[in-house]
Amino acid sequence: MTSQKIKETWNSRLGIILAVSGSAVGLGNFLRFPGQAAQYGGGAFMIAYFIAFLLIGLPICWAEWAMGRHGGSNGFNSSPGILGFITKRPAFRYVGVIGVLIPVIIYMYYVYIEAWTLGYAVNFILGNMDFSTIEDSGDFWGKFIGIGEDGGAVKFGLQEVGGFLVIVFILNFILIYRGISKGIEFFCKYAMPTLVILAFVILVRVLTLGVPDSAHPERSVNTGLGFMWNPTKVVLQENVSENGNEQWTTLREVVAPVKISEAKLEASTSPNKRVVTITLAQQLTNPQLWLAAAGQIFFSLSVGFGVIITYSSYLSKKDDVVLSGLAATSANEFCEVGLGGLITLPAGVAFLGVSGIAGMGTFGLGFNVLPMVFANMPAGEIFGALFFFLLFLAAVTSSLSMLQPGIAFLEEAMNINRKQSVSLLGLITAIGTSFVLYFSKDLKALDTMDFWVGTFLIFVLSTIQIIIFGWIFGIEKGFTEVHRGAAMKIPSFFKWVMKFLSPVLLVLIFIFWVMVNVFGIDFGGGNIELSTYIKDLFVQPNTVAIMSVGFIILVATFFCIVVATSPRFKEEDK
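On a predicted model such as this, the values are computed, not experimentally measured, just so you know. (Residues numbered from 1 in each chain as written. Predicted model: local features only at pLDDT ≥ 70, side-chain atom pairs only at ≥ 80, totals over all residues. Heavy atoms only, no water.)

(A) Main features of the packing of aromatic side chains. Using the criterion set out here, one finds 50 aromatic pairs in the structure. Centroid distance W62 to F494: 5.5 Å. Interplanar angle 85 degrees. Geometry classified as edge-to-face. Of this pair, W62 sits in helix α3 (residues 43-73) while F494 sits in helix α21 (residues 493-517), and the two are 432 residues apart along the sequence. Residue classification places W62 among the buried residues on the basis of a relative accessible area of 4%. Their ring planes at 85 degrees and their centres at 6.0 Å tell us that Y107 and F173 sit as a pair that is edge-to-face. Taken together, the residues Y107 in helix α6 (residues 98-125) and F173 in helix α8 (residues 162-177) connect sequence positions 66 residues apart. The class of Y107 is buried, set by a relative accessible area of 0%. What makes F173 buried here is its relative accessible area of 11%. Cation over ring: K88 sits above F85, and NZ or CZ is 3.8 Å from the ring centre. Against the face of F76 rests R568, its NZ or CZ located 4.3 Å from the ring centre. (Phe/Tyr/Trp six-rings, centres within 6.5 Å; stacked < 30°, edge-to-face > 60°. Helix = DSSP H or I, 4+ residues; strand = E, 2+ residues; numbered from the N terminus. Buried < 20%, exposed > 50% of the residue type's maximum accessible area, 1.4 Å probe, protein only. Lys NZ or Arg CZ within 6 Å of the ring centre and 35° of its normal.)

This is how it looks when you write it as structure tokens:
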């Protein structure tokens, strides 16, 4: 199978910036980030977050932009091809397979979540989202996505996810078939400004909510902002005796002055309760806070996904990667911190209070809390539809970016054209998405894939890429490549950061991550217990989890076989 292929390029610098920004701006900006910030100390989390951005996220981003453009100018557009060319070691093509596997596997379950956002937008328009309690909202979500039983998501009504999944899956492949400039760039050029405008409209509405219920003056936008951004935390604790051991456990966080006074009064009447102020310094000594901040940076910037290195390979030698990389990351940070951080939690706290949203995860916050909030807000149907359509646009710009690395790899390694590569990748991802859709009970397939690929492998690839840039490609050669065509210079301090500090931090973070999320070590002094993901595979085997990991291995094996048999790579080795 051979064909005459035309070298694809971006139409403009703005196009590539919007596309890379679009790959980064997704559900994590408006749902995951607010939840992480609130859970890990608000202001304390933000300090760790920005440190991680400067010392890990931005350096990896620049490294990916530079290596991608360098590989692209020498005829390679896929992660295996680029890493093999840069290192001059064919074995690194198999390392590069990780940069194809990550976005392809993530797409398989991300498009399922993408369908939720479209379905919610449509159901808000149709007036089907009239909830009075969190339980009502949660019941709708559970039935909509089929969480109750395997096969429960394979339904195609307006209040079921199946039909929406088919629509978004086809939309993604229509756009990706149109190519880099006519598909991805075209969509992002319109979707990203629309997304920002919608976010501003919703932000204005949220910040003008004030105190929706006069009977609960503590439930306000200001309280929500304080819950998320205050550098210190005030919590009510209780002394609990278990097996003869006494331990203070946190009952709840208190934010508004009236609630702090009530908590102090409650503690004064009971010797087993106390109000504690957790300082900024105390919060910053928590390793899990730093793990969460670094993890959010990976999700937020799409570094270590294999996306940026592929996107930048379509740049010309003289395109400015320093300014483009900085602009793309800045656009993402604005959407995440300036928009997502000011919309989601303040809205939830204004209607439900701090205790009403405490402990909510990404899905609980986004698809249980917010729908109920919009349902009880004046003109809520309109703002609910706008918000979930915003999430839908953000999700599509991200899912498109997840397909291009696979397309580039198949075209390059198998020497096939766009139509053939789109068809093959469509088949692979359709099988994977169908697997996730069918095994929807408790979202076990989705959760397992997300852990091992969407978290574990991202840490691995990020670490490998920054080491390749600093030590194999060479930091001096790397900086020369980065600054080719650049209008501004990266401070020389970043040479040391990218060669020494970033790799060391990534290795340390990865070690701590494995200790916490695999072996279950609690640095807060709790019990050590293996994580669910390990138990599902080895201790209390879960069939769906095992099949999920098996499917990941199967796809990885196929990609490795493609590398091993590639005519292009064999010719390169000669």
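More follows now that the structure is in view.
(B) Spotlight on the state of the cysteines. As enumerated under the stated definition, the model contains 0 disulfides in all. Unpaired in terms of disulfides, C61 finds its nearest cysteine sulfur in C335, a separation of 15 Å. (Disulfide = S-S within 2.5 Å.)

(C) Examining the packing of helix α2 (residues 27-39) against helix α13 (residues 287-301) more closely. The contact between α2 and α13 brings their axes to 11 Å, and the two run at 175 degrees. In terms of axis orientation, α2 runs roughly antiparallel to α13. Here G28, N29, R32, F33 and Q36 of α2 lie close against α13, whose contacting residues are A292, G295, Q296, F299 and S300. For the contact of α2 with α13, the residue count by class is 3 nonpolar, 6 polar and 1 charged. (Axes fitted to C-alpha atoms, helices over the stretch in contact; angles between N-to-C directions. Parallel < 35°, antiparallel > 145°, perpendicular 65-115°, else oblique. Contact = heavy atoms within 4.5 Å. Nonpolar A, V, L, I, M, F, W, Y, C, P; charged D, E, K, R; others polar.)

(D) Quick look at the packing of α2 against α3. Packing of α2 against α3 leaves a shortest axis separation of 7 Å and a crossing angle of 120 degrees. One finds that α2 runs oblique with respect to α3. Here F33, Q36 and A37 of α2 lie close against α3, whose contacting residues are F45, M46 and Y49. Looking at the contact of α2 with α3 residue by residue, the classes come out as 5 nonpolar, 1 polar and no charged.

(E) Representation of helix α20 (residues 475-482) within the structure. If you check which residues of α20 are buried, you get I475, G478, F479, E481 and V482. Within α20, the buried residues cover an arc of 160 degrees as seen down the axis, which keeps them to one side. Contacts from the buried residues of α20 go to α3, α15 (321-357), α19 (444-472) and α21. (Arc of directions from axis to C-beta.)

(F) Focus on empty space enclosed by the protein. With the rule as written, the count across this model stands at 1 cavity of 30 Å³ or more. Each pocket or cavity is described by its volume, and for the largest cavity that value is around 30 Å³. Forming the boundary of the largest cavity are G295, F298, F299, G454, T455, I458 and F459. Elements represented by at least two residues in the lining of the largest cavity include exactly α13 and α19. Considering every element that reaches the lining of the largest cavity, the biggest residue donor is α19, with 4 residues. Of the residues in the lining of the largest cavity, the class split is 4 nonpolar, 3 polar and no charged. (1 Å grid on protein atoms, 1.4 Å probe; cavity = no way out; pocket = protein on both sides within 12 Å on 5 of 7 lines; lining within 4 Å. Points joined across faces, edges and corners; volume = space filled by probe spheres on them.)

(G) The arrangement of the pattern of salt bridges in detail. In this structure the tally under the stated criterion is 10 salt bridges. Linking K233 and E253 is a salt bridge whose minimum nitrogen-to-oxygen distance equals 3.1 Å. On the criterion of sequence distance, the pair formed by K233 in strand β1 (residues 233-242) and E253 in strand β2 (residues 245-254) is long-range, its members being 20 residues apart. Accessibility expressed as a relative area gives 5% for K233, which makes it buried. Connected through shared salt-bridge partners, R69, E481 and R484 make up one network. (Salt bridge = Lys/Arg side-chain N within 4 Å of Asp/Glu carboxyl O.)

(H) Highlighting the side chain of H70. Along the chain, H70 turns up in helix α3. Beyond its immediate chain neighbours, meaning those up to four positions away, H70 contacts F85, I86, F473 and E481.

(I) Spotlight on the confidence of the model for the chain. Mean pLDDT for the chain: 89, with 97% of residues reaching 70 or above. Helix α23 (residues 543-565) holds the highest mean pLDDT among the elements of the chain, 98, whereas β2 holds the lowest, 78. (pLDDT = per-residue confidence, 0-100.)

(J) View of the environment of T532. For T532, the location among the structural elements is in helix α22 (residues 532-539). Taking the relative accessible area as the measure of exposure, T532 reaches 44% and is therefore partly exposed. Between the C-alpha atoms of T532 and V518, which are 14 residues apart in sequence, the distance is 8.2 Å.

(K) Expanded view of the nonpolar core. Counting residues in hydrophobic clusters, the biggest one holds 197 residues, and the most contacted among them are Y112 and W116. In terms of residues, this core owes the most to one element, α6, which gives 20 residues. Among the nonpolar cores identified, the runner-up in size contains 6 residues, and V234, V254, I260 and A267 belong to it. (Core = buried A, V, L, I, M, F, W, Y, C linked by side-chain atoms within 4.5 Å.)

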